[in-house]
Structures are given as C-alpha cells and as structure tokens.
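Close look at the chain arrangement
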Amino acid sequence: MKQCWRWFGPDDPIALAALHQVGVQGIVTALHHIPPGQPWDEPSIADRQAVLATAGYSWDVVESLPVSEAIKTQSADMAEHLQAYKSSLRALSARGIKVVCYNFMPILDWTRTALRAPQPHGGAAMLFDLTDFAVFDIHILKRPGASEDYSSDVQQTAKDRFLRMSDKSMAQLQHNVTAGLPGANDQWSVQDVRALLQTYAHIDRDRLRANLIDFLSEVAPVAQELELRLCCHPDDPPFSLLGLPRIMSSTDDYGAVLDAVDLLASGATLCTGSLGVSPEFDGPDFVRRHGDRIHFVHLRNTQRIAGSDSQKPDFFEASHLEGDTDMVGTIRELMNEQRRRKSQGRCDWQIPMRPDHGQELLSDLGGHSTPGYPLIGRMRGLAELRGIMAAFS
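Residues numbered from 1 in each chain as written. Predicted model: local features only at pLDDT ≥ 70, side-chain atom pairs only at ≥ 80, totals over all residues. Heavy atoms only, no water.

**Observations regarding the overall build of the protein chain**
When helices and strands are tallied, the protein chain shows 13 helices and 12 strands. By the compact-globule yardstick of 21 Å for 393 residues, the protein chain fits well, its C-alpha radius of gyration being 20 Å. When its C-alpha atoms are laid out on the principal axes, the protein chain stretches across 60 × 50 × 40 Å. Within the protein chain, the fraction of its 393 residues that count as buried is 59%. Considering only contacts in the protein chain between residues 6 or more positions apart, those separated by 24 or more positions represent 72%. (Helix = DSSP H or I, 4+ residues; strand = E, 2+ residues; numbered from the N terminus. Rg over C-alpha atoms; globule rule 2.2 N^0.38 Å. Buried < 20%, exposed > 50% of the residue type's maximum accessible area, 1.4 Å probe, protein only. Contact = heavy atoms within 4.5 Å.)

**What about the sheet that holds strand S11 (residues 315-318)?**
With respect to topology, 4 strands assemble into an open sheet ordered S5-S6-S11-S10, the strand pairing being antiparallel. Two strands bound the open sheet, and with one partner strand each, they are strand S5 (114-118) and strand S10 (301-304). When the angles between neighbouring strand axes are averaged without regard to direction, this sheet yields 40°. Direction of pairing for S5 relative to strand S6 (residues 124-128): antiparallel, over a ladder of 3 bridges. (Pairing = 2+ DSSP bridges. Axes fitted to C-alpha atoms, helices over the stretch in contact; angles between N-to-C directions.)

**A short note on the side chain of Ser64**
Structurally, Ser64 can be placed in the loop between strand S3 (59-63) and helix H2 (69-73). Discounting residues that sit within four places of it in the chain, Ser64 has contacts with Arg6, Ala30, Trp40, Cys101 and Tyr102.

**Considerations on the packing of helix H8 (residues 205-226) against helix H9 (residues 251-260)**
Running from N to C, H8 and H9 point in directions that differ by 40°, and their axes come no closer than 10 Å. Taken as axis vectors, H8 and H9 run oblique relative to one another. Of the two possible hands of crossing, H8 and H9 adopt the one that is right-handed. Judged by residue contacts, Arg205, Arg209, Leu212, Ile213 and Leu216 of H8 engage Asp253, Ala256, Val257 and Ala260 from H9. (Parallel < 35°, antiparallel > 145°, perpendicular 65-115°, else oblique. Left-handed = near helix turned anticlockwise from the far one by under 90°.)

Spelled out as structure tokens, the structure:
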C-alpha cells in the first residue's frame, strides 16, 4: 500500500520536509479554509499542490471534501451545495487528483471526551468516556430527552460527576466533544449544536441513509465519468450520539450503500479504528466483502475499556498493533486485494493508506500537535504497519 500521511496545511505544526525522514510516500490533505458547501477552484488546488511539490510530495488523497449539513438533511441550500460539490470534483480531476474521502456523520465529526488522556507508559491518547459524554449531553448541552439515551447508572454517575466539575473542566469537556477537525466543527458553540440538532428532528436512520444514497446518486456518476474514486469514512464512534442516527457503522451498512449505488467510483474508506470500536467488527471480513470498493485505508487501533456499555463502549486510541482490531489479518487481506487488482490490470491496484490517530509519545507531549495527529506516535505506527506490509509483500 502507498504509505501516506495526513497534513493539515500551512498551519500544521509538522513540517512537510521532515516527513521524508519518516518514510512517507504521499500526502493526504484538504483545503480546510473553504467552508462546506462552497466550491473548490483549480487555482486553490494548484497552490496546495505547489506547496507539496516544493517539499517533494504529491497530493494523493483529498481528506476531506466535506458534505454540508444542507446535503445531509436535504434542506434549502442542497441544490446549490450539490452543484458546488460536483464543481469541486471537476476541479480536482483537472488537477490530476483521483481519491476523495468524505463522511456522512450528522453534525459532529469524530467525537472524543478527552484529547490527551494519560497512558501507563507516560504518553497520552484520545479517549471516549460515555459518562463524560452524558455529562455534556444531559447537563451542559441540556438536550431535551437526553437522559432516555443512557442507563440509570450512567445518568446517576454523570450527575454526580457534573456536580463536582469546575467551570474550567466543563469548558474543557465542551471543547473536547465539539473539537472536530480543522474546517469542520472546530468553532461550534453549544448554541450552534442545539440549533443544528433541530434540523435533524424528523430524520431517522432510514431517512439519513436515503439522503446519503441520493447524494451518491448525484455525485458518483460525475466521479465515474472523471475516473475519480469517492470513499466514505465510517461513523466515529460507530453508534448514535446526541440522539442522531448513524448509518455507516458496520460492514453491513457499507454493503447496503455500495449496493444501492453500484459504481466503482462510489467506495469505502476502511477505518479500522472507527469500525473496530464495535465488538462485532471483523476487519479481514470487511476486506473480503468490500475489497474491490476500498479506495483508501486508515490503519489505527482502538481498545474497548472493560466493564463499559457493550453497545456504547468506552474506548481509547491504542497503539496500532495493540487494540481490538485484528490488524495483521486486515493487512493480509488488503495485500491480497492489491495482488488481485494488479492481476486484473487495474490502475488503482495500489491502495493509499495512512497511520491514524497515534498516541502522543516523547517529544509529542506538551499539547503542541493537532489532537490525534502527533509526529512520534504516528511515526511509530507507520513503522509497525510497514513491517506487517513487508511481511505479506
């Protein structure tokens, strides 16, 4: 697989030129300064490519070309935003970029309650704690009916925890939950989240899936014509939060959507960490079932915390080879898929991958890196993953 690295643009604290020392072969990035629903133009794309080329890199994967809330909810600006999305695809194609990652998560992107939870070895990792999330949901956001989504034990523990929290710790929890990624929901307030929740008042799981299929029915034929590969990232975590539906949380969910829009251009981003939070997830099986439609891979591992809710478990970002996902088996199947594609003469036989959500280690510590995207932790992860790929090459 092509060993890529997520880079957040000129404000990323990790210098592009330094990544050659890590063995990085390609870059995953996006134009985070352009709001969802607005078109990307060729000059802006070319400017980013020029920055990458100066450091000796190509732009291998767009992550992400965001799908606006208007498209997800099919609200007033949907038609305009769909045209902008198609325009962006045409501009990317004109600049020679072929792989575009997106997600269809309502309102929040990936969600964690702690961005730098201390680990026994002295490093730090992102963590999701259901009780802390209930504190945010019930007592800070004060979402109507929120208590009904939690067991009586979680409700009581969350109430006790909230009553002991300082204003500073409440503000930190709110920041952590709504942190998201640059250009997504990184500036949202509680009032913003409340207002956005109202737009989903009449959207259940079936309706949201239908909206995703409608979106793909519009944009995937354009991508197919342009020989682009769209790939949907799974829900992170793969269960409902804030009473919102989740529709890309399992291998079967992907099957339903990929079958509904049966074009090679409509594919999957396999994120082993997101899907792996579910005890039912089987990474090798996902590759065997959907391998021909996997256009991009996030290799990361998550570890469920013993004693937590089996349906909505607490978890943390584990080292890449130490979590609940069968990373070795998954990579074995991905390497087999590459060989199959190569034998068929597919030009996309080499699948781009990147190490994802590394732990903060050594010089990463101190809070100066983008949460979840430290240098040393991801470098360790890439080295470990590279070793497995070499074993199966």
